[in-house]
Amino acid sequence: MDLLSFGHPLYERFLAWQITRSTTKTPEHVAIILKETDLLEPKGMETLLSALLIFKRHKVELVSIYVDILKAEQPLKTELASTLGTSIEEIFTCLPSETGYKIHGLEGEVKSSRQGKDFFVYVSLGFGGRGEITRAVISILEEVKEGSVIPGEVDEKMLESHLLVKHEPDIMIRSGGQKLSDFLVWQSVYSELYFTDVNWKDVRRIDLLRVIRDFQKRQRRYGK
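An unreviewed UniProt entry lists the protein under the name Undecaprenyl diphosphate synthase, with Methanosarcina siciliae T4/M given as the organism.

Peer 1: Would you mind going over the overall build of the protein with me for this structure?
Peer 2: Helix and strand counts for the protein stand at seven helices and seven strands. Counting from the amino terminus, helix and strand elements in the protein follow one another as α-β-α-α-β-α-β-β-β-α-α-β-β-α. Since a compact globule built from 224 residues should have a radius of gyration of about 17 Å, the 19 Å found for the protein is in line with a globular shape. The dimensions of the protein, computed from C-alpha atoms along their principal axes, are 70 × 45 × 35 Å. For the protein, the residues scored as buried account for 43% of the 224 residues in total. Excluding contacts between residues fewer than 6 apart, the proportion of contacts in the protein whose partners are at least 24 apart in sequence is 64%.

Peer 1: Looking at this structure, how should I read the domain arrangement of the protein?
Peer 2: Interface extent is often summarised as the accessible area lost during association of the parts. For the protein, the assigned domains are domain 1 (26–126 + 168–223) and domain 2 (128–163). Inter-centroid distance (C-alpha atoms) of domain 1 to domain 2 is 26 Å. Between domain 1 and domain 2, the residue contacts involve eleven residues of the former and ten residues of the latter. Buried surface at the junction of domain 1 and domain 2, both sides included, amounts to about 820 Å², of which 52% is carbon and sulfur.

Peer 1: For this particular structure, what's the right way to read the layout of surface pockets?
Peer 2: Gaps left between atoms are located by rolling a probe of water-molecule size over the structure's atoms. By volume, the largest pocket is sized at about 280 Å³. Every residue lining the largest pocket is counted, 15 residues in all, and those nearest its centre are Leu62, Phe120, Val165, Lys166 and His167. Elements with a contribution of two residues or more to the lining of the largest pocket: β3 (99–104) and β5 (119–125). Class assignment of the residues belonging to the lining of the largest pocket gives a composition of six nonpolar, three polar and six charged. Of the pockets and cavities examined, the second largest pocket occupies roughly 220 Å³. Taken together, Tyr66, Asp68, Ile69, Lys71, Gln74, Lys77, Leu106, Glu107, Gly126, Arg130, Ser181 and Asp182 form the lining of the second largest pocket. Class assignment for the residues of the lining of the second largest pocket results in three nonpolar, three polar and six charged.

Peer 1: What should I look at first to understand the side chain of Glu132 in this one?
Peer 2: Locating Glu132 in the fold gives a position in helix α5 (residues 129–146). Look at Glu132: it is buried, it has no salt bridge, and the nearest opposite charge is Lys166 at 7.0 Å. A polar atom in the side chain of Glu132 sits 3.1 Å from the backbone nitrogen of Val165. Apart from the residues within four sequence positions on either side, Glu132 is in contact with Phe127, Leu163, Leu164, Val165, Leu184 and Gln187.

Peer 1: Even after reading the chapter, I still don't get empty space enclosed by the protein, so can you show me in this structure?
Peer 2: By the definition in use, this model includes one cavity of 30 Å³ or more. Taken as a whole, the largest cavity encloses approximately 40 Å³ of empty space. Around the largest cavity, the lining residues are Tyr122, Phe127, Gly128, Gly129, Glu132, Leu164, Val165, Phe183 and Leu184.

The rules behind each value
- Residues numbered from 1 in each chain as written.
- Predicted model: local features only at pLDDT ≥ 70, side-chain atom pairs only at ≥ 80, totals over all residues.
- Heavy atoms only, no water.
- Helix = DSSP H or I, 4+ residues; strand = E, 2+ residues; numbered from the N terminus.
- Rg over C-alpha atoms; globule rule 2.2 N^0.38 Å.
- Buried < 20%, exposed > 50% of the residue type's maximum accessible area, 1.4 Å probe, protein only.
- Contact = heavy atoms within 4.5 Å.
- Domains from an automatic or database assignment.
- Buried area = accessible area lost by both parts, 1.4 Å probe.
- 1 Å grid on protein atoms, 1.4 Å probe; cavity = no way out; pocket = protein on both sides within 12 Å on 5 of 7 lines; lining within 4 Å.
- Points joined across faces, edges and corners; volume = space filled by probe spheres on them.
- Nonpolar A, V, L, I, M, F, W, Y, C, P; charged D, E, K, R; others polar.
- Lys, Arg positive; Asp, Glu negative; His and termini not counted.
- Salt bridge = Lys/Arg side-chain N within 4 Å of Asp/Glu carboxyl O.
- Polar contact = N/O pair within 3.5 Å; in protein donor to acceptor, adjacent residues only side chain to side chain.

Next up, the structure:
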């Protein structure tokens, strides 16, 4: 065993110890931005399951996952979303039974869901933030047209109540890249950002512990 292989487990335990001993809370809501190729890799789904279990173990309550489906003809996008949705639902059976989840398809429709108690996973298969906001606005306009909402009553809180994800992420993670994507555009305005050059299939437990520990060390300013 070389020194690097010997040192990794020790450093993992050290990071885990730091996280549990810190007076700063771990993030309650973590968002992960992925490409469809990340999950189509042989180890992609295995890494996702491992990440969810690690986050749950460290008191994360909600994980929002965006799978950026490649820009292609609609039949191919639909097939990819269906394949990925089925695979993700299968790995969710390996999570504790109290875990809840909701998987949304390309148009924001609910493909699959389960009630949960202390841990919830939201998945969006190619349905981005701009589409989410547009859908919310259309929904409010319909309510105005029906007379159930007065135009003067429309405000930020009302718009937020029509979004698919009602919670703001504490931190957004992007692996293998240095830019965000069209995900939780409204909700993430004050979120912390974490970029890593490590491709998703190569993400290890130590990398995820670093994310949590990095969050604990930051001083959040919420746009100030």
